[in-house]
Amino acid sequence: MPAPRPILATIVALVVLLLTACGPTAPPQAAEPPLVLAAAEAVPAGATGVVDVGGRPVQLHVPPAYDADHPAPLLVVLHGFGSDAARVDALLGLRDEALSRGALYALPQGTEGPDGRRFWNASDACCGADRAGVDDSAYLAQVIRTLTTTYAVDPERVAVFGYSNGGFMAYRAACDHADLVSVAVSLAGAMPADDGACRPSRPVTVVQAHGTDDAVIRAGGGLRDGHAYPAAAESAAAWARVDGCAATPVTAPGRRDLDVALPGAETTVTTWSGCSAGTSVELWSIAGAGHAPALGGTFATAVLDVATRGR
C-alpha cells in the first residue's frame, strides 16, 4: 500500500536535508539550470550554457546584447591548479563586466588528475605531475575555434585570462596560437624561463598582473617542480621583446586600487609602448598582495578595457 502523500513528502524532505548536511555547502543555484549543448549548437543571447568541446565542458555566458550581425569580443578564463571554473569565476569577478561590454565569457576546465585536482599542461614549472599525454594548448585552440565558428566573434578581440596555473596556460596559448589569441592576461602566472619557447606568429597584447607578496608563484621568480620560472617583470619584458616594443618601459605616476583588502591605491602600472601591430605590454604590480588578491570592480574594468580593446 503506498504511503500517504504528506508522509511521503516529509520523508523526501528529511532525506534531502540529511544529504545536504553530509556534503559541502553548494553555491546558490540559478533560477534555471544551464543549457547543455553540443559544440555546433548556440547558446541564446542572455543565456548560460555548457558546451561540449572535445569531451570536456565549457561553461559559456552569452551577453544579452549579443547580435550575430555585430562580432563580439571573447574572453576565455582559465582557473588555477586544483581549482575549477566556478571558483575562478567567483575569485576574479569578471563576468558581469564582460557581459555588460557585450563580450562572450567562456570558462573551460582543466584535466582532473588521479588526486582529483584539475590542472593545465602549461609549462615544466606549472603545474600537475600528471600532465603527461595532455595537450591543453591544442585543446584551447579547439575551444576558441569552436566558439568563433558558432558565434560572431571579432578575431582581434579574443582574450585569454589565466590565474596562477591558468596564467601560465594563457601565455602558452598566446605563444602557440597567436593566430587565434589577440590578448593574454596572466594573474600570478609566468612565461617560460627560456624566451625561445615562445614564438608567436603575430604580436599579442599582454598584461602581467602579480602580487608582490605572492608566496606561491613569487613575483621575483623561483622554482617549481625543479624548473625555473621568471620574475613577473621579466615575463612582461619577454613579451615586450617578442612584440618588438620599446626597450625602456614607462611607469605611470599614479596608482590603481585593484585589491580592495589593501588600504589605498596599491598597484603600479608599467607599460612597454611602440610595440608591433598596435599591441602593448603592461605589468601591474599589486604591492602587498598575495597569491589570491581581493579583487574589486576596478580590476574587472581594467581587464575588460584591455580585452575589449584587442590587439
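Please refer to the structure higher up on the page.
The sections below set out a description of the structure shown in this document. (Residues numbered from 1 in each chain as written. Predicted model: local features only at pLDDT ≥ 70, side-chain atom pairs only at ≥ 80, totals over all residues. Heavy atoms only, no water.)

1. Considerations on the overall build of the chain
Quick note on the threshold: Secondary structure is summarised from DSSP: a helix means a run of H or I of at least four residues, a strand means a run of E of at least two, and numbering begins at the N terminus for each. Here's how the labels work: a residue is buried when its accessible area is under 20% of the maximum for its type, exposed when over 50%, partly exposed in between, all with a 1.4 Å probe on protein chains only.
Across its full length, the chain holds seven helices and 15 strands. In the chain, buried positions account for 48% of the 311 residues.

2. Some thoughts on the pairing of strand E5 (residues 104-108)
Threshold: Between any two strands, at least two bridges found by DSSP are needed for them to pair.
Of all five residues in E5, five are buried; the element is thus mostly enclosed. The two faces of E5 match: Leu104, Ala106 and Pro108 on one face and Tyr105 and Leu107 on the other face are all buried. The pairing of strand E3 (residues 56-61) with E5 spans four bridges and is antiparallel. Across the sheet, Val58 pairs through a bridge with Pro108, a residue of E5.

3. What about the environment of Ala233?
When you line up the elements, Ala233 lands in helix H6 (residues 232-242). With 50 residues separating them in the primary sequence, Ala233 and Leu283 have C-alpha atoms 6.7 Å apart.

4. Some details on helix H5 (residues 165-176)
How we decide: Take the number of residues in a helix, subtract one, and multiply by 1.5 Å to get its expected span.
In this model, H5 (twelve residues) spans 17 Å end to end at C-alpha, consistent with the 16 Å of a helix rising 1.5 Å per residue. Buried residues dominate H5, accounting for ten of its twelve residues. Of the positions making up H5, those classed as buried are Asn165, Gly166, Gly167, Phe168, Met169, Ala170, Tyr171, Ala173, Ala174 and Cys175.

5. Observations regarding unusual backbone geometry
Residue Cys127 is bonded to the preceding Cys126 through a cis peptide linkage, with omega at 10 degrees. Non-glycine residue Asp225 carries a positive phi angle of around 55 degrees. Turning to its location among the elements, Asp225 is positioned in the loop between strand E11 (222-224) and strand E12 (227-229). For Asp225, a relative accessible area of 52% corresponds to the exposed category. Even without a glycine there, the phi angle at Ala277 is positive, about 55 degrees. With respect to the helices and strands, the residue Ala277 is situated in the loop between strand E14 (267-272) and strand E15 (281-286). Taking relative accessible area as the criterion, Ala277 reaches 58% and is therefore assigned exposed.

6. Concerning the packing of aromatic side chains
Definition in use: In summary, the pairing rule links any two rings of Phe, Tyr or Trp, Trp by its six-membered ring, whose centres are within 6.5 Å, and it sorts them by plane angle into stacked for under 30 degrees, edge-to-face for over 60 and tilted for everything else.
Within this structure, the stated rule accounts for five aromatic pairs. Centre to centre, the rings of Tyr66 and Tyr151 are 5.8 Å apart; their planes meet at 75 degrees, and the pair counts as edge-to-face. Of this pair, Tyr66 sits in the loop between E3 and strand E4 (72-78) while Tyr151 sits in the loop between helix H4 (136-150) and strand E8 (153-163), and the two are 85 residues apart along the sequence. Just as Tyr66 is buried, Tyr151 falls in that class too.

7. So, the packing of H4 against H5
Cut-off, in case you're wondering: Fitted lines through C-alpha atoms give the axes, limited to the stretch in contact for helices. The angle between two N-to-C directions lies from 0 to 180 degrees. Angle categories: roughly parallel below 35 degrees, roughly antiparallel above 145, roughly perpendicular from 65 to 115, and oblique for all the rest. The contact criterion used throughout is that any non-hydrogen atoms of two residues lie within 4.5 Å. Classification convention: Asp, Glu, Lys, Arg as charged; Ala, Val, Leu, Ile, Met, Phe, Trp, Tyr, Cys, Pro as nonpolar; all other residues, Gly among them, as polar.
Contact geometry of H4 with H5 gives a least axis separation of 10 Å together with a crossing angle of 75 degrees. Compared by their axis directions, H4 and H5 come out roughly perpendicular. Mapping the contact onto sequence places Asp136, Ser137 and Leu140 in H4 and Met169, Arg172, Ala173 and Asp176 in H5. Tallied by class, the residues present in the contact of H4 with H5 amount to three nonpolar, one polar and three charged.

8. Examining the pairing of E14
Within E14, five of the six residues are buried, which leaves the element mostly enclosed by the surrounding structure. As paired strands, strand E13 (residues 250-251) and E14 are joined by two bridges and run antiparallel to one another. Residue pairing across strands places Val250 opposite Thr271, the latter belonging to E14. Strand direction decides the pairing type here: E14 and E15, joined by six bridges, are antiparallel. What sits directly across from Val269, in E15, is Trp284.

9. Overview of the state of the cysteines
Any covalent bond linking the sulfur atoms of two cysteines counts as a disulfide. For the record, the criterion: Two cysteine sulfurs form a disulfide in these notes if their separation is within 2.5 Å.
By the definition in use, this model includes three disulfides. With its sulfur 1.6 Å from that of its partner, Cys126 forms a disulfide with Cys127. Residues Cys126 and Cys127 share a disulfide whose torsion about the S-S bond is about -75 degrees; that sign makes it left-handed. Note on accessibility: Cys126 and Cys127 belong to one class, buried. Residue pairing for Cys175: its cysteine sulfur links by disulfide to Cys198, the two sulfurs lying 2.1 Å apart. With the S-S dihedral at roughly -100 degrees, the linkage between Cys175 and Cys198 falls on the left-handed side. Here Cys198 lies in the loop between strand E9 (183-187) and strand E10 (205-211) and Cys175 lies in helix H5, a separation of 23 residues in the sequence.

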